[in-house]
Amino acid sequence: MTKRREFLKYAGASSLALAASGFSSLAWADSKTRTRSTTGDATVPTNTGIVGNVVVIGGGMAGATVAKYLRLWGGTGIKVTLVERDPFYTSSIMSNLVLSGQRNVSSLQFSYGFLASRYGVTVKQGEVVKIDPVGRKVSLADGTVLPYDRLIVAPGVDFDVVPGLETADAQKRVPHAWKAGSQTTDLRNMITAMPNGGVFAMTIPAAPYRCPPGPYERACVVADWLKKNRPGSKVLVLDANPGIQAEVNTFTTAFTSTHKGVIEYHSGVTIASVNAATGDIFTNIGNTRANVLNVIPPHRAGKILTSNGLADVGGKWTSVDVRSYEATVAPHLHVIGDAAATGQPKAGHIANQEAKVCADAVIRLLSGRTPDPAPVTNSACYSPITADTASWLTAVYGVDTMNSMKVIPGASGEGHATQDNFQDMSKWFSTLMSDSFA
Ligand SMILES: Cc1cc2nc3c(=O)[nH]c(=O)nc-3n(C[C@H](O)[C@H](O)[C@H](O)COP(=O)(O)OP(=O)(O)OC[C@H]3O[C@@H](n4cnc5c(N)ncnc54)[C@H](O)[C@@H]3O)c2cc1C
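Rules used in this analysis
- Residues numbered from 1 in each chain as written.
- Predicted model: local features only at pLDDT ≥ 70, side-chain atom pairs only at ≥ 80, totals over all residues.
- Heavy atoms only, no water.
- Helix = DSSP H or I, 4+ residues; strand = E, 2+ residues; numbered from the N terminus.
- Buried < 20%, exposed > 50% of the residue type's maximum accessible area, 1.4 Å probe, protein only.
- Contact = heavy atoms within 4.5 Å.
- Areas by Shrake-Rupley, 256 points an atom, 1.4 Å probe, with all protein chains shown as cover.
- Polar contact = N/O pair within 3.5 Å; in protein donor to acceptor, adjacent residues only side chain to side chain.
- Pairing = 2+ DSSP bridges.
- Axes fitted to C-alpha atoms, helices over the stretch in contact; angles between N-to-C directions.
- Core = buried A, V, L, I, M, F, W, Y, C linked by side-chain atoms within 4.5 Å.
- Domains from an automatic or database assignment.
- 1 Å grid on protein atoms, 1.4 Å probe; cavity = no way out; pocket = protein on both sides within 12 Å on 5 of 7 lines; lining within 4 Å.
- Points joined across faces, edges and corners; volume = space filled by probe spheres on them.
- Nonpolar A, V, L, I, M, F, W, Y, C, P; charged D, E, K, R; others polar.
- Salt bridge = Lys/Arg side-chain N within 4 Å of Asp/Glu carboxyl O.
- Expected span 1.5 Å × (residues − 1).

Novice: For this particular structure, what's the right way to read the overall build of the protein chain?
Specialist: Looking only at helices and strands, the protein chain has 13 helices and 26 strands in total. Looking at the protein chain residue by residue over its 438 residues, the buried ones come to 55%. Pairs at least 24 apart in sequence give 70% of the contacts found in the protein chain among residues at least 6 apart. Within the structure as shown, the protein chain displays about 17100 Å² of accessible surface, and the carbon and sulfur contribution to it stands at 53%.

Given below as C-alpha cells:
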C-alpha cells in the first residue's frame, strides 16, 4: 500500500479527477432525468474566449473523456460533437467478472447523458464511414457531413479474421469476448454448460493487444470458477507471445501455484486454423479439442482509420505526436486510445489519460499556443486472480521521443493478489468510469 501511495505523487495533473461522488455503473436511462442541482458536482463550462469546432469519433474510454474535458477546460466556445455508433457504452474493463458470474453486462453500461447535460457535448448516435482530412470533414452512414477544425479519432480496435472463423455462425460458436457485450454473456453461458473434466482453451494474440494483463486475468477467473463448479476441468492458454506480457511474477505464481493443475500455459503458439463446429484448434505445437474455445484474434486500429489510409504503422495503427496526439499522417486530426501507437499500453486508464493530454493540447492549439512539451500520464490496473483476490499494476510515463512515451524509472510497480486489492479494484473502476462519463 505504501508503495502505491508513493506512485500517486508522480501522477500529478494527469491523475484521475476524483469525481466519483457516488457514481458507479450508471443506470444510463436514469441519468437523462438527473439535473445538475441533484448531483451537485457538475462544473458547468464557462466562456473562456477560445472558439473552435471539434468532432470526436467514438465514445469509449478515450472519446468520452476527451469530449468532456474539451468542454470542461475549453469552455462554451468550443463546440464538441461526439459521434458514437451505440446508444450507450459497454465497458470491457471488469468484463472478465461476467465470466465468473460476479457481474452482468448491464452493470458495465454507461450513458452519454451526463456528457450532454453537464458539459454541453452534442452526442450523435451514428457510424462515421469516411474521413476527409484535406477538406476537414467526416461523413456518417446516414449521410450527415460534419466539418471540423480539429478531429479526434478514438475508435478502439478491430480484429483480424482467424482462419476457420470467417462466418458469423463460427464467430458465435467461438466468441472472443474481447469487446464486452453479447459475446461476453455467450461465453459465460458456454462455460456454465461445460461438463466436469472439460477443457476451456483460449488463445492470446501477439502484442500489441488491448489490456496486456487481461488474457492472463481471464485464465485465472475462469480457472477459479471451474475449480469450484466443474471439478477436473482445465484451462489451456495458448499464447502467441514468447512469454507472459504483464505482471509476470503475479501470473507465474497464479499459474504454477494458485491454479496449479488447472491452468496449462504454452508460449510461442501460432494458430493455423480453428474448426468452430467441432471445437478443434490447429497450432504449431499440435491440435487439441476443447469444450469451449475462446480465440482472441490479432488486433488492429478501428476500421475508420485503416479503411481511410490513416494507419501508417504497418497498416494497423496510427502514429502520433505524443504531446498532442496529432497524427503524423494528417494535420488537425488526432488519434487517442487503443488505436494510437504511443509506447503506452492499450488500456482504458491510459486512454483516459491520453484524452486529457489531447484535450489540453487541442485547447492550446485553438488559442494559438503550443502543446505542453512534456506531458506525463499514468496507468493503474487491477487483475482479479480468484473470486475475492486481485493484483495491481501501475506505471507512469513521460515523453521519450516525439512519437513515444516511456516508463519513468522508479515510478512503476505491481502488487500481489490480496482481498484488499479486490475491494480497491471496485473503487478504482467506479472512479475511472466517473471521470470519463460523469
Ligand atoms: C477483458 C478486458 C479487460 C480489460 N481490463 C482493463 C483494465 O482492467 N484496465 C484498463 O485500463 N483497461 C482494461 N481493458 C482495456 C480497455 O477496455 C481498452 O483499452 C479501452 O476500452 C480503450 O479505449 P478506447 O476509447 O480506445 O476504445 P473503446 O473503449 O473500445 O471505445 C471505442 C468506441 O468507438 C466506437 N466506434 C468505433 N468506430 C466508430 C465509428 N466508425 N463511428 C462511431 N463510433 C465508432 C465504438 O462503438 C466504441 O464505443 C480491458 C479490456 C478487455 C477486453
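Don't stop here, the text continues.
Novice: Explanation requested: the environment of H299 in the structure shown.
Specialist: With respect to the element layout, H299 can be found in strand 18 (residues 299-301). Counting along the chain gives 18 residues from H299 to W317, while the straight-line C-alpha distance between them is 9.4 Å. Once residues within four sequence positions are removed from consideration, H299 is found in contact with V157, D158, F159, W178, P205, P208, Y209, R210, K316 and W317. Within polar-contact distance, the side chain of H299 engages the side chain of W178 at 3.4 Å. Side-chain polar atoms of H299 contact the backbone nitrogen of R210, separated by 3.3 Å.

Novice: Any chance you could explain the sheet that holds strand 12 (residues 234-239) here in plain terms?
Specialist: Strand pairing in a sheet is mediated by backbone hydrogen bonds. Such pairs are either parallel or antiparallel. Sheet architecture is open: four strands sit in the order 13-12-11-17, paired in parallel fashion. Because the sheet does not close on itself, it has two edges, and the strands there are strand 13 (263-266) and strand 17 (292-295). Across the sheet, the mean angle from the axis of one strand to that of its neighbour is 15°, orientation sign disregarded. Taken together, the six bridges between strand 11 (residues 199-204) and strand 12 define a ladder with parallel strand orientation. Paired with A201 across the bridge in strand 12 is L236.

Novice: Would you explain the nonpolar core in this entry?
Specialist: One broad trend across soluble globular proteins is that nonpolar side chains are buried collectively. If you look at the biggest cluster of nonpolar residues, it comprises 107 residues, and the most contacted ones within it are I131, V138, F200, V235 and L333. Three or more residues apiece are contributed to this core by two domains, here domain 1 (20-158 + 300-379 + 425-437) and domain 2 (161-297). When neighbours within four sequence positions are excluded, V138 is seen to be in contact with V55, I57, V128, K130, I131, T144, V145, L146, Y148 and L151.

Novice: How should I be thinking about empty space enclosed by the protein in this particular structure?
Specialist: Here the idea is plain: a probe the size of a water molecule rolls over the atoms and shows the empty space left. One pass over the full model with this rule turns up one cavity of 30 Å³ or more. Roughly 30 Å³ of internal volume is contained in the largest cavity. G337, D338, A340, T342, Q344, P345, K346, A347, I350 and E354 are the residues that line the largest cavity. Residues belonging to the lining of the largest cavity are distributed by class as follows: four nonpolar, three polar and three charged.

Novice: Teacher, can you tell me more about the pattern of salt bridges here?
Specialist: Pairing between side chains of opposite charge can happen when the charged atoms of each approach one another. Scanning all chains against the criterion turns up 18 salt bridges. The salt bridge involving K228 is made with D224; its shortest N-O contact spans 2.7 Å. Within this pair, K228 and its partner D224 are both found in helix 9 (residues 214-229), separated by four residues, close to a single helical turn. With relative accessibility at 54%, the residue K228 sits in the exposed group. Taking relative accessible area as the criterion, D224 reaches 6% and is therefore assigned buried. Where K406 meets D400, a salt bridge forms, and the shortest distance between an N and an O atom there is 3.9 Å. Here D400 falls in the partly exposed class, since its relative accessible area comes to 42%.

Novice: How should I be thinking about helix 9 in this particular structure?
Specialist: Counting along an α-helix, one turn takes 3.6 residues, and residues three or four places apart therefore face a common direction. Helix length check: helix 9 (16 residues) gives 22 Å between terminal C-alpha atoms against 22 Å at 1.5 Å per residue, within 8%. Taken across its 16 residues, helix 9 has 13 buried, putting it largely inside the fold.

Novice: I tried to follow the environment of L97 on my own but got confused; where do I start?
Specialist: You can see L97 is positioned in helix 5 (residues 96-99). L97 sits 287 residues away from P384 along the chain, and the two C-alpha atoms are 8.1 Å apart. Every residue in contact with L97, bar those within four places of it in the chain, is listed here: Q102, R103, V221, P384, F422 and M425.

Novice: What is the right way to look at the sheet that holds strand 6 (residues 128-132) in this model?
Specialist: Here we have three strands laid out as an open sheet, ordered 6-7-8, and antiparallel in their pairing. With one partner strand each, in any of the chains shown, strand 6 and strand 8 (145-147) form the two edges of the open sheet. Between one strand axis and the next, the sheet turns by 20° as a mean value, whatever way the strands run. Relative to strand 7 (residues 137-140), strand 6 is paired through four bridges, and the arrangement is antiparallel. Residue pairing for strand 7: K130 is matched across the bridge by S139.

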